[in-house]
Each structure stands twice: as structure tokens, then as C-alpha cells.
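Take a look at the letters that make up each chain.
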Amino acid sequence: MGINDHPPDKIKNLARQIYSWERGDHFPRDWADAYARAFGMKVRDLFPGLVEERNSASAGTVEAPPSNGPYPNNWDEDGEEMERRTLLQALVALGIPVAVGLEALQTIRSGVDRAVGRNEDGHLEEWEQTVADYGHTYRFAPPRQLMLDLAADLATVQLITSRSKKEKNPAYSSWCRVSAGLSLLMAKTLSNLDQPRLAREWWFTALGAAETSGDRDLQLWINSERLIHGLYEGRPTALLLREADKIIAESSETPCRGLLGVQATRAQLLSLDGADSQARAEIRVCTEMFEKLPPAVTTPDSPRSVIAGWPESRTRYTESWVYGHIGDSRKLDEAIGRLRDVHPLDSPRYKAQVELLEVIGHVRAGDVTEGVRRANEVYAGLPPQQPLHHGEWPGQAHPGGRARAAAGRHAGRRVPGPAARHHRPQGHHLTTGHRDQQVTPRTTREGAARPLHNCAANMRGMRLTLLGATGGTGRALLGQALEAGHEVTAVVRSPDGLPAAVRDRVTVVRAGLADHDALAAAVEGADAVMSALGSRAGRAPTTVCTDGARAIIRATGGKGRVLFVSASGLEADAGDGPAARYLVKPLIQRIFRAPYDDLREAERLLRTSTLDWTIVRPARLVDGPRSARPRTAVDRSVRGGTKTRRADLAACMLDLVDDETSIRHIVSVAS
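All of these numbers come straight from a predicted model, not from anything done at the bench.

**Section: the overall build of the chain**
A tally of regular secondary structure across the chain gives 26 helices and 12 strands. In the chain, buried positions account for 50% of the 671 residues. Contacts in the chain between residues at least 24 apart in sequence constitute 68% of all its contacts with a sequence separation of at least 6.

So this is what it looks like as C-alpha cells:
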């Protein structure tokens, strides 16, 4: 052809026109002269139709070469066809092998549309309905399949939107709105697939498309969805509240579905942040705003009600959610009553949602055991394909996201060393896998059974230093240790808190956690240091456990055996059932945020120390005699463990003192 230089942009343009020719759109007319030269023919013979077209545009010669050499003047900088092929390859990489076949069908459909005089804008309404349809299927479809379907549709809409922009089509903003809706659904789906980083990028893509469309209501709606998913991905409540406040401040006061969504999310965030009065006020704002929305938005049967509407049931559910989390049982019952009136319990998933709100009332009232029992019943009654989260509106799929990922983050570590080398009291339960199992006398590698020890028989004569001896757990530890024949040094602020029957049988060191010299003397020569420290200030901020951990590390010089009492509610993990993992523990963690922050920091100090530490996590502590079969689990929670008798906790800690397999591990115990 006489072309010696091949700029990439020109080659892409040629490729684009060849692909268009293959589709049946048109021949590579911009390259007609080059083709004619290559084949040694005249343009009029090779492309007859082009002669008339050029003659109608200009009286010049039709076979004159383009003014800029062999390349066309009107090549497409956007490389639309290359973009289409790139998208197609991306779909195949996602695992959509039928994409190529579907592309062929799309080519045929495009040809039919052109034949009947219908352009892409004729499909705009259908695409808007597709977004609405996804709002319904999103609740039931498996997230992985939903992601693939959305990816295929987004690829198609992207190409249409690009052409619409290039051609300055008046429908461009409408196509941007469709892109925003599909991107929103992709972000939600990725969040449900535990992909928060990818989801974050799609949230901003959705917001950008909505902004370009000029649909302010849609922008607000996307932000409300982003905030609620951020909540369940574990983002800090205070940070989300600041974002919500900024969004509301920058919006107009005109009531709309999107603004109501942000206000409702703000009410939920306030209830979790302990701002009860502000949360109540925000619920009133939401109710007033709902009453000002047009029927097209609030009608439950509207085709747009799921993805683009706000039915009354959503307001009532938010109301119930907030009253449940602030612990107002009377308001909760009233709100659930209103919710039942406008939305019958017509599906297992929705029924479970409402029942879990009622479970919150038990937990907030302090009846954690009954709350867990009832929540387990709710989860057990759900079909496997109907997952849910207690904080979501029944019209949404559950925003599991990071919450589920974080729940299993610390599960599954194995106990180091051969298990046969160490032993536990007969009848003790140990969980190292997914099931609680009774431990029977173990066998050595040679096959001979070896006896199991207990604290009364094999552990006599140990020297123990005990911090927190005057509390409930400390007293139980003190009594059992003395009964087993151990020598105990009790570090207390006031000896009067010790039971009179044991004062003469222990070495009492009167010291605070800041008394370094006294503590150092108390731990000197001890076989183990045991901490039963805990706050007596309820939900108030405290540092007693952090101060205790720091004092122990300093007094021991970072050497020796330490057992430290923490709390099983500190983390939700794979050992928990769904009710405890997704409902009860997250709620308890918010209620007792301050004391749990103290425990969390104390655990961090121990984990990063050089001590031979074991952290012991009991469930809700109760009084009572020792159980016949207490259960323990290593580096995970005890399934169904809702309470721990202090006597069982004390026995477990004494048993762990010389158990090398528990060193630098977390042991949960439940009665």
C-alpha cells in the first residue's frame, strides 16, 4: 500500500472499521483509497456506493488520495470498537464464557433495530426497567451470579453511554442515570461478597455517574446506601456520622427519597453511638419527610419501589431498628406493631427480620441467654438461601461485607506441638475445630494410655500470684487454688475485701497497679501470675485491665507464665453461631464499648509482650457450683456458650497454668 509508518492510533482506527464491517455496519470507507491501491483497482469498482456519496459531498476527484497521505482524515480517536473488544475480554476473564455468543446475538439484534428504524435510545426505558428489576432480584439471587450479570449489562451500557456522549445525544444524562443505578447495585453486591475495596471503587463510580446525570436524588440515595453498607463493613460510627452530616448539610431541604435515606441512616448511626435523644429526634424528622414524599415513591406496589422508592414499611423498620438499639422496649413494640400493619409477614426472610428486632429487646434488657436462644431459633428456621442481617430493611439483601470477614479473622489457629504430650482433666471439653468434643485419656505415640492430671492431684505446691482476688472470679480462683494445695499471693488494694476464711492462708500484698516495687516483689518466684481484674463501672470508660496488663509486664520483666481474664464478647468469630456472630455480639460490643476497648488494649499489650501468656475469655459470668462438663475452645468462641460459671472459669485457669499448648493462645470457656 506504500505505507511505511504505522502509528498505533491509525492502526486502531483501521481495526475498528474492519470490526464494523464484520458486524455488517459499513465497509472501511475511510480507508477506501488504501484498499483500492492495495488491490490495484479503482475505488468506483471496489466500492461503488462510495462514489455517489463522495460526489454528493464534493465535486473533486473520487480517487484522489487523502490530503494527509494514505491515512483517513476522520479516524475515531476514542477507538470505540477496541473498547468494545476489551470489555468483551474482561467479561470472559470474569468467567462469562457465553459472552462471545451473546455478543453475536447483540450484533443480530442491532441489525434488526436498524432495519426497523429504531436506535439505541429506543431501549432507554427498557434499561431503566432493568435497573428496577435488579432491585427485586438482588434480594434473592446468589451474589456471585448477580455480579456476573451486572458486569455484562454494565459493559453494554458503557458502550452505549460512550457513543451517546460522543454524539452529544440529549439522552446522554439518562444513560448516565442507568449507569449509576447498575454501578450502585454492583457496589452493593461486591460488599455482600466481602470485597470492600472493590465495592468502594464502584460506590464512587456510581456517584460520578449520578452527578453527571444531574439527578441529585439519585446521588443522595447512593450515598445513603454507601453509608449503611459502611456501617456493616465495620467503618467507625463517628466517621460515618460526619459523612452523613456533611451530605445533609450540602443538600437542599426539599424532601426526596435520597435525602430520607441519608436521614434514616443517620438515625441508625446515632442510636449506635449512644446519642439516644438525637436518634429519637432524627426518627421524627424521617417520619415527617416520608409524609411529604409523592405517592409514586411511597406506593409499595410501584415498579420502582425497591430500588428507587421508599414504602412506609421502610420507615417503620428504621423506626423499630433505632428503638431496639437504644433500648426503648415500649417504643420498639409500638413500632413493630405499625410495621406489621403495613407489611404482612409474608416471607420467611421478612418474618425473621422482624423477630430479630424483638430479640434485640431481650439483649438490651440484659437477658442475653434468652436473646441468643431466640435468635438461634430464628436463624435455624431460615432456608439456607435466605441469609440476613439484623440491621437491614427487609427490602434489601444483607450487607454482610466486612462484618462477616472480620468475624472470622481470628479463627482457626492450631495449638502448637503434638497434642499427645499434654493433658487435661478427664471430662473437660476442648474445641480445636468446628465441633465441641469430649476429651478422653490421650494416648502416647507408642499407644499406651497416660493418666490425666487435675489441679487437685498433679499440681500441688505451685506458687501463684493473683491480681483481682476480691472480685467474684478472684474469690473463686483463690478458693480452688488453696483447696488444690497451691501457695497463693493475693495483690489487693484493701485486704478487707478478702473472705475472712482465707485471709490467714494467703500472703497478702497491699498494692495498687502503679506500685511497681510492691508488684515486682509479689510476682518474684511465682510459677504463674493470674489476673482476674475487671471494671466495676459498668459501661463507663475504664483502664483497669490495660493498667493491669502493663503493670504485670513491667513487674515480671516480660518473662514468665501469665493467665489473664478477658471476655468472649470481645470478638465474633467462626466458633459462634449466626445469632451470636451477627446479632448478639455486635450489639454487646456497642453497648459495652468502653470496657471492651480497655480489654482489647490489655490483650494487645499481652500479645506483643515476651510473656508466656494465655488469655482466657469467659461468656457472661454467673455464680453457681462447678459444672460437670464445662467446654473450652482454642482461638475461637465456644459454640452456644452464653454463660460461664465463675467456678468453671477458675477451674479452667488453674488447669491451664502448666498446659504448654495454651501458651500464646486465647482459650474460651463456657458452662
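**Focus: helix H9 (residues 172–192)**
End to end, H9 covers 30 Å across 21 residues, agreeing with the expected 30 Å (1.5 Å per residue, within 8%). Within H9, 18 of the 21 residues are buried, which leaves the element mostly enclosed by the surrounding structure. A positive phi of about 60° marks Asp194, the residue just after H9.

**Regarding the packing of helix H7 (residues 124–137) against helix H8 (residues 143–166)**
Two elements in contact, H7 and H8, have axes whose closest approach is 12 Å; the angle formed by their N-to-C orientations is 165°. The pairing of H7 with H8 is recorded here as roughly antiparallel in orientation. The handedness of the crossing between H7 and H8 comes out as left-handed. For the pair formed by H7 and H8, the contact residues are Trp127, Thr130, Tyr134 and Thr137 on the first element and Leu146, Asp149, Leu150, Asp153, Thr156, Val157 and Ile160 on the second. Classifying every residue of the contact of H7 with H8 gives six nonpolar, three polar and two charged.

**Comments concerning the side chain of His229**
When you line up the elements, His229 lands in helix H11 (residues 216–232). On the accessibility criterion, His229 (1% relative accessible area) is buried. A distance of 3.2 Å separates a polar atom in the side chain of His229 from a polar atom in the side chain of Ser191.

**With respect to unusual backbone geometry**
The phi dihedral of Lys168 is positive, around 55°, even though this residue is not glycine. Positionally, Lys168 belongs in the loop between H8 and H9. At Asp635, a position not held by glycine, the phi torsion is positive, near 60°. Its place among the elements puts Asp635 in the loop between strand S10 (631–634) and strand S11 (643–645).

**Considerations on the pattern of salt bridges**
Under the defined criterion, the tally for this structure stands at 23 salt bridges. With a shortest N-O distance of 2.8 Å, Glu128 and Arg177 are connected by a salt bridge. Within this pair, whereas Glu128 is found in helix H7, its partner Arg177 is found in helix H9, the two being separated by 49 residues in sequence. The salt bridge involving Arg593 is made with Asp273; its shortest N-O contact spans 3.4 Å. You can see Arg593 sitting in helix H25 (residues 593–607) and its partner Asp273 sitting in the loop between helix H13 (257–272) and helix H14 (276–291), a full 320 residues away along the chain. A relative accessible area of 31% means that Arg593 is categorised as partly exposed. Through salt bridges that share partners, Glu312, Arg316, Glu319 and Arg338 make up one connected network.

Calculation notes
- Residues numbered from 1 in each chain as written.
- Predicted model: local features only at pLDDT ≥ 70, side-chain atom pairs only at ≥ 80, totals over all residues.
- Heavy atoms only, no water.
- Helix = DSSP H or I, 4+ residues; strand = E, 2+ residues; numbered from the N terminus.
- Buried < 20%, exposed > 50% of the residue type's maximum accessible area, 1.4 Å probe, protein only.
- Contact = heavy atoms within 4.5 Å.
- Expected span 1.5 Å × (residues − 1).
- Axes fitted to C-alpha atoms, helices over the stretch in contact; angles between N-to-C directions.
- Parallel < 35°, antiparallel > 145°, perpendicular 65-115°, else oblique.
- Left-handed = near helix turned anticlockwise from the far one by under 90°.
- Nonpolar A, V, L, I, M, F, W, Y, C, P; charged D, E, K, R; others polar.
- Polar contact = N/O pair within 3.5 Å; in protein donor to acceptor, adjacent residues only side chain to side chain.
- Salt bridge = Lys/Arg side-chain N within 4 Å of Asp/Glu carboxyl O.

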